[in-house]
Amino acid sequence: MSWTEIVIEVALSDAETLSDALMDAGALSVSVEDADLGTAAEQPLFGEPGMEPKEAAWQRSRVVALAEVDADHDAIVNNAAKACGVAVPPYSLRPVAAQDWVRLTQSQFEPIHIGKNIWVVPSWHDAPDANGLILELDPGLAFGTGSHPTTRLCMEWLEIHVPLQKPQSVLDYGCGSGILAMVAKKLGSTATVIGVDIDPHAIDAARYNSERNHCDVAYYLPEDFSTKSPLQVFDTVVANILSGPLKLMAPMLCSRIAAGGSLTLSGVLAEQADDVIAAYAQWIPLTVWAEQDGWVALSGSLK
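All of these numbers come straight from a predicted model, not from anything done at the bench.

Undergrad: Got a minute to help me understand unusual backbone geometry in this structure?
TA: A negative phi holds for most residues other than glycine; trans holds for most peptide bonds. The backbone of H214 shows a phi angle near 55°, a positive value even though the residue is not glycine. Among the structural elements, H214 can be located in the loop between α6 (200-212) and β10 (218-220).

Right under this line is the structure:
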């Protein structure tokens, strides 16, 4: 099947209302883009954490409505304009050729090589190195596929440190997809590995991913972790979240570190490192372990 896109440029104030009206008038879906995309006037909508614009919208918006190729496009636009109480706006049509959307989507995700020997491989690919540490992981709702610098930093820290010590217990707090917990398990940690996340969907995703990768990891929501986890303190605690929550959770995370254990944090921008280090200073000395693309991993050991 082929489709047609109805493209209308509108002011910021009209984009949401017109989008809803187009759906009511028969559009299959509607998206909104920056009308200045690709020009010097292009406006970034999402910045780094803590640096987002006050309003998540563009001054000049492009509303794109998807319709069937043989739909009455004039009627869709006319009826939407009437419902909004505005004059019929000028619009253009863009053909959308039929494609294998599944294959097209899959082609955007290739195996990711991390550290020395870790590969994150979507299920539709073969592992480039059969002797590597292979994680079969498809993009999903939960954060953590190895593509983001903060995830990579934590994985690289685990690859360097976990095999060099005795089998150790590991806590992945804010586990998302479970990727860090699975790395710890596959690196040879025969002790307990636990993942915790506030999002029930992340817990479901992490359990599913661990089953696929034959990793014996237990996952909990925070309220269940305190009452049901077989361990409450760990040799290694890793948390890849964001600097704000990390600072608030400093007392709790430090209370989960066993004597002589280590803590590794990421989700921290380089300019936020000093504040996070200060938040943890009374419990554990942290330093910047590594940096990638403006993000850092902090690490330290409990005396």
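The discussion continues.
Undergrad: Could you clarify how one ought to interpret the nonpolar core in this entry?
TA: Looking at soluble globular proteins, one finds that nonpolar side chains tend to be buried together. Counting residues in hydrophobic clusters, the biggest one holds 29 residues, and the most contacted among them are V120, L135, M155 and Y219. Taken together, the elements giving at least two residues each to this core come down to β5 (112-114), β6 (118-121), β7 (133-136), α4 (149-161), α5 (179-186) and α6. Once residues lying within four places of it in the same chain are set aside, the contact partners of M155 are I114, I118, V120, L135, G146, I179, L180 and V183. Core analysis: the next-biggest nonpolar cluster, separate from the first, contains 26 residues, F234, V237, A250 and I284 among them.

Undergrad: Can you walk me through the layout of surface pockets in this structure?
TA: Approximately 160 Å³ is the volume attributed to the second largest pocket. Together, V10, S13, D14, T17, L18, A81, C84, V86, A87 and P89 line the second largest pocket. Elements supplying a minimum of two residues to the lining of the second largest pocket: α1 (12-24) and α2 (73-84). The greatest single-element share of the lining of the second largest pocket, amounting to four residues, is contributed by α1.

Basis of the calculations
- Residues numbered from 1 in each chain as written.
- Predicted model: local features only at pLDDT ≥ 70, side-chain atom pairs only at ≥ 80, totals over all residues.
- Heavy atoms only, no water.
- Helix = DSSP H or I, 4+ residues; strand = E, 2+ residues; numbered from the N terminus.
- Core = buried A, V, L, I, M, F, W, Y, C linked by side-chain atoms within 4.5 Å.
- Buried < 20%, exposed > 50% of the residue type's maximum accessible area, 1.4 Å probe, protein only.
- Contact = heavy atoms within 4.5 Å.
- 1 Å grid on protein atoms, 1.4 Å probe; cavity = no way out; pocket = protein on both sides within 12 Å on 5 of 7 lines; lining within 4 Å.
- Points joined across faces, edges and corners; volume = space filled by probe spheres on them.

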